[in-house]
Amino acid sequence: PLLAVVNYTGDAKTAQTVNVTPLTNVAALVAGVSASAENTKITVPQALTTSEITKANIQVAQKFGLPVDDLTSAKVVTSDKDTVNEYGKALALLSQMEKSNGKDTASVATIIKDAVKGGTNTTDFTDLINTVTNDSKVSIKNVSMDDLKSITQVSDDATAPAFTSANTNSDGTKIYLHFNSAL
């Protein structure tokens, strides 16, 4: 299943719209949520905090160059629309990672999770990206190969800053970082 973890405040009567996408799935995995191999049981860490959920969302968003702090509520405009937004392009990239590499959503999500968490095996993530950027058959409506390459350059940038409390001004406002070229 696709997963999403949400910081929810309110009463049980207040409706909340939540995006559940491959990116929210990766953020949930980064936060420590897991699903059984049969997808019959979802495990949420008992001590999962609001800040861990926020951190996971920001880390995944930054990996794909998205200037958002909550993937579950950010506006998504997918590539089937004429004016696809950055979130939609990132979703197109994930879809193409699956297609070009012959992998399923869960496999790609695990590879990205490991890369976001700073795992020692970043080769798998680099291979996912390289396969997409070298695939001459890539064809996604309203998303060019240059769009995909600009996302992969951000996502493969080892010099990109990791999330820390320094990403928030002293007054609590968010600081978003996005680099379009190498430093």
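Residues numbered from 1 in each chain as written. Predicted model: local features only at pLDDT ≥ 70, side-chain atom pairs only at ≥ 80, totals over all residues. Heavy atoms only, no water.

Description of the confidence of the model for the protein chain
Line of reasoning, step 1. Scored by pLDDT, the protein chain has a mean of 77; 79% of the residues are at 70 or more.
Line of reasoning, step 2. Mean pLDDT across the elements of the protein chain ranges from a minimum in helix α6 (residues 145-155), with 68, to a maximum in helix α1 (residues 22-30), with 93.
Line of reasoning, step 3. Here residues 158-167 is a poorly scored stretch, pLDDT under 50, and it has 16 contacts once near neighbours within four places are set aside; other chains count.
Line of reasoning, step 4. Here residues 174-183 is a poorly scored stretch, pLDDT under 50, and it has 18 contacts once near neighbours within four places are set aside; other chains count. (pLDDT = per-residue confidence, 0-100. Helix = DSSP H or I, 4+ residues; strand = E, 2+ residues; numbered from the N terminus. Contact = heavy atoms within 4.5 Å.)

A short note on the layout of surface pockets
Line of reasoning, step 1. Estimated volume of the second largest pocket: approximately 230 Å³.
Line of reasoning, step 2. Around the second largest pocket, the lining is made up of 13 residues, and of these Pro1, Asn25, Leu29, Ala35 and Ala106 lie nearest the centre.
Line of reasoning, step 3. Those elements that place two or more of their residues in the lining of the second largest pocket are α1, β1 (34-35) and α4 (105-116).
Line of reasoning, step 4. Sorting elements by how many residues they give to the lining of the second largest pocket places α4 first, with five residues.
Line of reasoning, step 5. Broken down by class, the residue content of the lining of the second largest pocket amounts to seven nonpolar, five polar and one charged. (1 Å grid on protein atoms, 1.4 Å probe; cavity = no way out; pocket = protein on both sides within 12 Å on 5 of 7 lines; lining within 4 Å. Points joined across faces, edges and corners; volume = space filled by probe spheres on them. Nonpolar A, V, L, I, M, F, W, Y, C, P; charged D, E, K, R; others polar.)

Re the nonpolar core
Line of reasoning, step 1. Of all hydrophobic cores here, the largest spans 42 residues; its most connected members are Leu23, Val60, Phe64, Met97 and Ile112.
Line of reasoning, step 2. Secondary-structure elements contributing two or more residues to this core are α1, α2 (50-63), α3 (86-101), α4, α5 (123-133) and α6.
Line of reasoning, step 3. Here this core takes seven residues from α3, the largest share from any one element.
Line of reasoning, step 4. Apart from residues lying up to four places away in sequence, Val60 is in contact with Leu23, Val26, Ala27, Val30, Leu71 and Val116. (Core = buried A, V, L, I, M, F, W, Y, C linked by side-chain atoms within 4.5 Å. Buried < 20%, exposed > 50% of the residue type's maximum accessible area, 1.4 Å probe, protein only.)

Remarks on a nonpolar patch on the surface
Line of reasoning, step 1. Taken together, the side chains of Leu2, Val18 and Val20 define a hydrophobic patch exposed on the protein surface, amounting to about 210 Å² of accessible area.
Line of reasoning, step 2. Residue placement: Leu2 occurs in the segment before α1.
Line of reasoning, step 3. Residue classification places Leu2 among the partly exposed positions, given a relative accessible area of 37%. (Patch = residues over 30% accessible without salt bridge, like charges linked within 9 Å, V, L, I, M, F, W, Y side chains within 5 Å. Areas by Shrake-Rupley, 256 points an atom, 1.4 Å probe, with all protein chains shown as cover. Salt bridge = Lys/Arg side-chain N within 4 Å of Asp/Glu carboxyl O.)

Observations concerning the environment of Ile111
Line of reasoning, step 1. With respect to the helices, strands and loops of the structure, Ile111 is situated in helix α4.
Line of reasoning, step 2. When the C-alpha positions of Ile111 and Leu128 are compared, they lie 8.7 Å apart, and in sequence the two are 17 residues distant.
Line of reasoning, step 3. Contacts of Ile111, omitting those with residues within four sequence positions, involve Lys103, Asp124, Phe125 and Leu128.

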